[in-house]
Amino acid sequence: MTNRKVGIIGAGAVGATAAFSLAMTGTCNEIILYDIDTDIAIGKAIDIEQATSFSPSGTKVWGAEQPSDMKNCDIVVITAGVPRTGEMTREDLLLINAKITKEVVENIKLYSPNAIIICVSNPLDVMSYVCHKITGWDSSRIIGMAGALDSSRMAYQINNHLGYGRAQTRAMVIGDHGENMIPVPSLSSIGGVPITEIISKENMEQIIARTKTGGAVIVKHLGTSAYYAPGRCVAVMVEAILNDSQIIIPSSVLLNGEYGYKDVSVGVPIIVGKNGVEKIIELELDEELQDKFKQSVTTIKKGIEVLTKNNFF
Ligand code: APR
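Residues numbered from 1 in each chain as written. Predicted model: local features only at pLDDT ≥ 70, side-chain atom pairs only at ≥ 80, totals over all residues. Heavy atoms only, no water.

1. Comments concerning the overall build of the protein
- Assigned secondary structure in the protein consists of nine helices and 14 strands.
- Taken against the 2.2 N^0.38 rule, which gives 20 Å for 313 residues, the C-alpha radius of gyration of the protein at 19 Å falls within 12% of a compact globule.
- Here the C-alpha coordinates of the protein stretch approximately 55 × 50 × 40 Å along the principal axes.
- Across the 313 residues in the protein, those meeting the buried criterion constitute 51%.
- Contacts spanning at least 24 positions in sequence make up 69% of the contacts within the protein whose residues lie at least 6 apart.
- Accessible area of the protein: about 14,700 Å², with a carbon and sulfur share of 50%.
- Taken as two groups, the 28 positive and 34 negative side-chain charges of the protein have centres that lie 1 Å from each other. (Helix = DSSP H or I, 4+ residues; strand = E, 2+ residues; numbered from the N terminus. Rg over C-alpha atoms; globule rule 2.2 N^0.38 Å. Buried < 20%, exposed > 50% of the residue type's maximum accessible area, 1.4 Å probe, protein only. Contact = heavy atoms within 4.5 Å. Areas by Shrake-Rupley, 256 points an atom, 1.4 Å probe, with all protein chains shown as cover. Lys, Arg positive; Asp, Glu negative; His and termini not counted. Charge placed at Lys NZ, Arg CZ, Asp CG, Glu CD.)

As structure tokens, then:
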């Protein structure tokens, strides 16, 4: 990609951290932040560009004043959304964030018609599906970022349990980005050694449980959701696309018959490269994993149904 131009919609905690991470590695020529709160986008962009003074290569970072300023991006990351507050039900949140996602996607279609979208807003799998429905683009151009984060949380739990293998651990989490996510020990390894060879089934159950509550633990301490790891995971995906890395990252993508499902976005391992989703890796799931995967898909489809019932599409 020649322009290496990345737009980030939502300059909140995750969006700004992704921008900062990208600016530090010097992967992009240009990063544009857009937020409904223009001052946040402009102020954070100035701060981030000033931080590039000592980074490997200068990245231009600027805040857009209106959606039309974010033109012809190679990649657009969507982190716009609102967090769930006390009086809001899950369904309320779903409808509010879906409306925001629809609005920003319509602008992406207008101003960056050739972009690849990385969706981060929650509920992630349903929002990724919204991106597909609203764009009508080839499904390879929309990727939901969740599996990278959930897998990094699983790796963290494995390393904490063992006390060794940091940076050598490769974990795999598939399914939805929610309570039915599926950490898969049989697809996780340290330095090439399957973790099933070194961690007992009982301890593995604990690691799986902690992986699932990985995000909630951070919320308990911080009073807000995580952003360093999510921001870094977004940057890793952007880098993989811009550099045409052709690496495997579990991500939420639209299935069209793979794994036996259609018309739903859910986390599976994919190859990421210059075209976005280069290939969906179809794993042979055993019966137990198939049941869990079905549960994940059912949960996501229920979210999509809420939108359909409310005449969203
Ligand atoms: N257009 C542009 N930006 C918007 C819009 C909109 N219509 N609506 C809200 N925003 C902006 C907010 O002003 C805010 O700055 O989106 C930003 C969201 O940032 P945070 O509230 O800090 O949330 P963050 O922690 O970054 O999470 C963003 O990613 O992980 C998910 O669940 C998370 O959906 C959430 C998203």
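2. A short note on a nonpolar patch on the surface
- A surface patch of nonpolar side chains, about 240 Å² in accessible area, is lined by Tyr 164, Val 193 and Ile 198.
- For Ile 198, a relative accessible area of 34% puts it in the partly exposed group. (Patch = residues over 30% accessible without salt bridge, like charges linked within 9 Å, V, L, I, M, F, W, Y side chains within 5 Å. Salt bridge = Lys/Arg side-chain N within 4 Å of Asp/Glu carboxyl O.)

3. Here's the deal with the environment of Lys 274
- Here Lys 274 lies in the loop between β13 (262-273) and β14 (276-280).
- By relative accessible area, Lys 274 is classed as partly exposed at 43%.
- Taking C-alpha positions, Lys 274 is 7.9 Å from Gln 246, a pair spaced 28 residues apart along the chain.

4. Some words on the pattern of salt bridges
- The full count for this structure, using the stated rule, is three salt bridges.
- In this structure, the salt-bridge partner of Arg 232 is Glu 239, at a minimum N-O distance of 3.2 Å.
- For Glu 239, a relative accessible area of 12% corresponds to the buried category.
- With a closest N to O distance of 3.9 Å, Lys 274 and Asp 244 form a salt bridge.

5. Some thoughts on unusual backbone geometry
- Going from Asn 122 to Pro 123, the amide bond is cis rather than trans, its omega being -5°.
- Its location among the elements puts Pro 123 in the loop between β5 (116-119) and α4 (124-135).
- In the Ramachandran plot, Asp 244 falls in the positive-phi region, its phi being about 50° despite a non-glycine side chain.
- Within the secondary structure, Asp 244 sits in the loop between α8 (228-242) and β12 (247-256).
- With a phi close to 55°, Asn 311 is a non-glycine residue in the positive phi region.
- Residue placement: Asn 311 occurs in the segment after α9 (287-309).
- For Asn 311, a relative accessible area of 66% corresponds to the exposed category.

6. Some details on the domain arrangement of the protein
- Partitioning the protein into structural domains gives domain 1 (5-144) and domain 2 (147-307).
- When each unit is reduced to the centre of its C-alpha atoms, the spacing between domain 1 and domain 2 is 22 Å.
- On the side of domain 2, 38 residues touch domain 1, which itself brings 35 residues to the contact.
- Where domain 1 abuts domain 2, roughly 2,800 Å² becomes buried across the two surfaces, and 74% of that area is made up of carbon and sulfur atoms. (Domains from an automatic or database assignment. Buried area = accessible area lost by both parts, 1.4 Å probe.)

7. What about the site of the ligand?
- The environment of the ligand is made up of 17 residues, and the closest members are Ala 13, Val 14, Asp 35, Thr 79 and Asn 122.
- Between Asp 35 and the ligand, the recorded distance is 2.6 Å, taken from a side-chain N or O atom to an oxygen atom.
- Interatomic distance of 3.5 Å between a backbone N/O atom of Val 120 and an oxygen atom of the ligand.
- When isolated, the ligand has an accessible area of 730 Å², and the protein chains bury 81% of it. (Near = heavy atom within 4 Å. Polar contact = N/O pair within 3.5 Å; in protein donor to acceptor, adjacent residues only side chain to side chain.)

8. Structural notes on the environment of Ser 225
- Topologically, Ser 225 is positioned in the loop between α7 (214-222) and α8.
- Its relative accessible area of 46% is what places Ser 225 among the partly exposed residues.
- In this structure the C-alpha to C-alpha distance between Ser 225 and Gly 215, which are 10 residues apart in sequence, comes to 7.0 Å.

9. Describing the packing of α4 against α9
- In contact at an axis separation of 9 Å, α4 and α9 are set at 55° when each is read in the N-to-C sense. One finds that α4 runs oblique with respect to α9. Regarding α4 and α9, the two cross each other, and that crossing is right-handed. Between α4, through Asp 125, Val 126, Tyr 129 and Val 130, and α9, the contact on the second element is made entirely by Ile 300, Gly 303, Ile 304 and Leu 307. (Axes fitted to C-alpha atoms, helices over the stretch in contact; angles between N-to-C directions. Parallel < 35°, antiparallel > 145°, perpendicular 65-115°, else oblique. Left-handed = near helix turned anticlockwise from the far one by under 90°.)

10. Describing the packing of helix α1 (residues 13-25) against α8
- Packing of α1 against α8 leaves a shortest axis separation of 8 Å and a crossing angle of 50°. Classified by the interaxial angle, the pair formed by α1 and α8 is oblique. Every pair of crossing elements has a handedness; the one defined by α1 and α8 is right-handed. Taken together, the residues of α8 that come into contact with α1 (itself represented by Val 14, Thr 17, Ala 18, Ser 21, Leu 22 and Thr 25) are Tyr 228, Pro 230, Gly 231, Arg 232, Val 234, Ala 235, Val 238 and Glu 239.

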